Amino acid sequence: MSDTFTMDSPQPRLLDQTGQGVIGTPMNRPDGPRKVSGQACYTADAVTEGVAHGVLVRSTISRGRVTGMDLASVMSIDGVIDVITDPRMIRNPAQGMAGEAPVQPGDAVHYHGQPIALVVAESFEAARDAAQRLTVHYETEEASVTPEGTSASETDDPETAGDFDAAWQAAEVKVDLNFTTPSQAAAAMEPHAAIAEWKDNSVTVHSSLQMIRFNKKELADTLGIDPSQVRILAPFVGGGFGSKLGLGPEAVAAAIASQRLGRPVRVVMTRQNVFDCVLRRSETAQRVRLGATQDGRITAISHDDTVSNLDGEGFSEPVSQASQFLYGADGLSFTQTVARIAATPAGSVRAPGEAVGMLGLEAAMDELAERLGMDPVELRLKNLPDKHPMDGREYSTRRLADCLREGAENFGWAQRGAAGMRREGDWMIGMGMASAARSSMLVKSASRVRLTGDRAVVETDMTDIGTGTYAILAQITAEMLGLSPERVEVRLGDSDLPGASGSGGSFGANSAGSSTFLAARKIRRRIADLLGCAEDDLTLQGGRARGLNRDMALADLVQEELEAEATIKAGKTAESHFSSGFGAHFAEVAVNEWTGEVRVRRMLSVMSMGRILNEKTARSQALGGMIWGIGAALTEEMQNDQRDGHVVTRDLANYHVPSHADVPGDMQVLFLEERDDWANPIQTKGIGELGISGAGAAVLNAIAHATGHRVYDFPALPDRVI
Ligand code: MOS
């Protein structure tokens, strides 16, 4: 039985008392050797006897309806088995998020590249050939493919606190700036893939997904079957970044085709497919207004934005999220407009909101500091509010001031000097900084822990999307049960196991970590019973259990398996306290005065993100985010054809993520540890998305400092820099 624990009050810091010495250490991933030796089984590696290969056929119009397909022309191709046009495969809004059916039956086309059919063949090559040759007939409709070109848009009522207009009127110093950021791709290393197989009215789907508890329900809803008839397997996921939060068209198509053909069907997207029809991050147009007194107290903050999505989609990039809690003011106002366009659906991409909103906000802060003649670090230190400016909640913990000071100290910020003054030959050198912030959550999650002797097993349908879940759940369990981590086996990514939060929104470690902690805690109590002592008198270390007057090896004490399951969910602490990771990014760049080329020379980020469960995987997360920040600042831009909206940058040659040569060797991360008692019983905060939040702004601000000239349109390509 799984008890549900609701996070209503701060919990004891048990992980600081257990003393096994495993928690927080930079332990290597237990799954690492399997991954680097090619033995980890990713979706497309799952070997299934008699598998057929499916390739998605994608729309070549931007809006309209499919009226017919010339099937005869491709059915004669050697090896082609079927062309499937089930209406459940044709995607209508809204895209699946957290348990809704991602695909409503229909025949409508909403954007260029939308999946409309699946060709199934004996080989991938035959299926691809047929998919390319298939002639599709459409009824076309006019469609706007850019936010500028559309007349269909919705503007929300402003979210406000205090009186922004009055504060803005009265402000002594003002900046009123417009920024744009382009669409971005999640560009996970592993392309989206699914293999489906039916047996006795139930379907098993291997698919590369982040949140399989939700994905299972999405698939059941789409197929019109009961969730108990669906099993999803995702033991290894090669990155997600939001693009695998919801069930994808490849999984739906594979399930339908497999049922129809009575054999397993594999659908592996090509890289181009992924860019065409897996969600993108919306482009944004942002207007940031900051008003302040002469001495640098911010009095007015407004951050208005326009983003885009398909008509009917529920998601909109929450651009102003960080602007609502980072700095205080007498008046704050935030208004969002969603432009309805015919383009690849927009969804969550790593740190939705903060990742792009902080590019505008933190660049505007830099310009305000300049206008005030104030140091940018000082401006931020002067404007940290006592409470959440919008809803009055307390901050659970916030070491932003420490991060800013430590960062400035360690980076040599004092040597920065005036803008446009430092040169090395043809290169202009500049330093910039920005705050980092990313709100942190606890999502309902369950885990089971079993212990026999001194061997433990953790079971949950949680995923490891490259973040280190296998490592941290082993560490939590080992720490709680006094075991070395090699004695803990972690089983993930199977929807038949207890349902976890999944990986998303930086809540995975908080949530699945907490449910695993609680299940292990129950096992501790059972061990105390076996030993005949109170839980408080129990010490579990080095594979031994010690009570007041007994000391036994677990191998002797726990002869029959102990099993415990626990569920955690958010409660009252989330209502009274606002939890967020905070940090400060510092960057030094060199800008070539003739070509406008920007080289990032070094970066330092100081972060406080609750308890660090594993110093190595946490650092990797932070570095990955900072590197994406470099990409956002300098190169990343998804481009769509202005006529029909089709994606032009459809691979990693055209869509420029930072390569090794773009990333300096000198990338430093410092953690200022803290315990977030209000967040969860393991006192953690989300880590995955803090690194990217604000990072690009530090680079942009460094460019402005180097050249004396600010760029307002991301990315800062050479022609914009000079
Ligand atoms: Mo994240 S963008 O919620 O995977």
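The text that follows walks through the structure, step by step, so that each part is easy to find. All values derive from a computational prediction rather than experimental measurement. (Residues numbered from 1 in each chain as written. Predicted model: local features only at pLDDT ≥ 70, side-chain atom pairs only at ≥ 80, totals over all residues.)

**Concerning the overall build of the chain**
Here is the rule we go by: In this description a helix means any DSSP run of H or I spanning at least four residues, a strand means any run of E spanning at least two, and both kinds are numbered starting from the N terminus. Only C-alpha atoms enter the radius of gyration; for comparison, a globular chain is expected to reach 2.2 Å times N to the power 0.38, where N is the number of residues. The exposure scheme places C-beta atoms from the backbone and then counts, for each residue, the other C-beta atoms within 10 Å of its own, assigning buried at 20 or more, exposed at 12 or fewer, and partly exposed in between. Residues are treated as contacting if the C-beta atoms built from their backbones sit within 7 Å of each other.
Looking only at helices and strands, one finds 17 helices and 34 strands in the chain. Rg of the C-alpha trace for the chain: 26 Å, near the compact-globule value of 27 Å for 722 residues, within the 12% margin. Taking the principal axes of its C-alpha atoms as reference, the chain extends roughly 80 × 75 × 50 Å. Considering the chain as a whole, with its 722 residues, one finds that 57% of them fall into the buried category. Look at the contacts in the chain between residues 6 or more apart in sequence, and 82% of them connect residues 24 or more apart.

**Focus on helix α12 (residues 508–531)**
Basically, it comes down to this: Any helix carries an expected span of 1.5 Å times its number of residues minus one.
In a regular helix each residue adds 1.5 Å, so 24 residues correspond to 34 Å; α12 covers 34 Å between its end C-alpha atoms and thus fits that length. Just downstream of α12, G532 is the residue with a positive phi angle, here 80°.

**A short note on helix α5 (residues 212–223)**
With twelve residues, α5 should reach 16 Å at 1.5 Å per residue; the first-to-last C-alpha distance of 16 Å fits that figure. Burial runs high along α5: nine of the twelve residues are buried. What α5 keeps buried is the set I212, R213, F214, N215, K216, K217, E218, L219 and T222. At its buried positions, α5 is contacted by β13 (202–207), β14 (230–233) and α6 (249–261). Trailing α5 by a residue or two, G224 shows a phi angle of about 75°, which is positive.

**A word on the sheet that holds strand β2 (residues 52–58)**
Rules: For two strands to be treated as a pair, DSSP must find no fewer than two bridges joining them. Here the axes come from fitting lines to C-alpha atoms, over the contacting stretch only for helices, and the angles between their N-to-C directions go from 0 to 180 degrees.
Taking strand neighbours across the sheet as the criterion, the seven strands line up as β4-β6-β2-β15-β12-β13-β14 in an open arrangement whose pairing is mixed. In this open sheet, the two strands that pair with only one neighbour each are β4 (80–84) and β14. Direction aside, neighbouring strands of the sheet carry axes that sit 25° apart on average. Two strands pair when backbone bridges link them, and β2 and strand β6 (residues 115–121) are joined in this way by six bridges, in the antiparallel orientation. Each residue of the ladder has a partner; that of H53, found in β6, is A121.

**Examining the environment of W168**
Turning to its location among the elements, W168 is positioned in helix α4 (residues 164–170). For W168, a count of 21 C-beta atoms within 10 Å corresponds to the buried category. Not counting chain neighbours up to four residues away, the residues in contact with W168 comprise R289, G291, A300 and G331.

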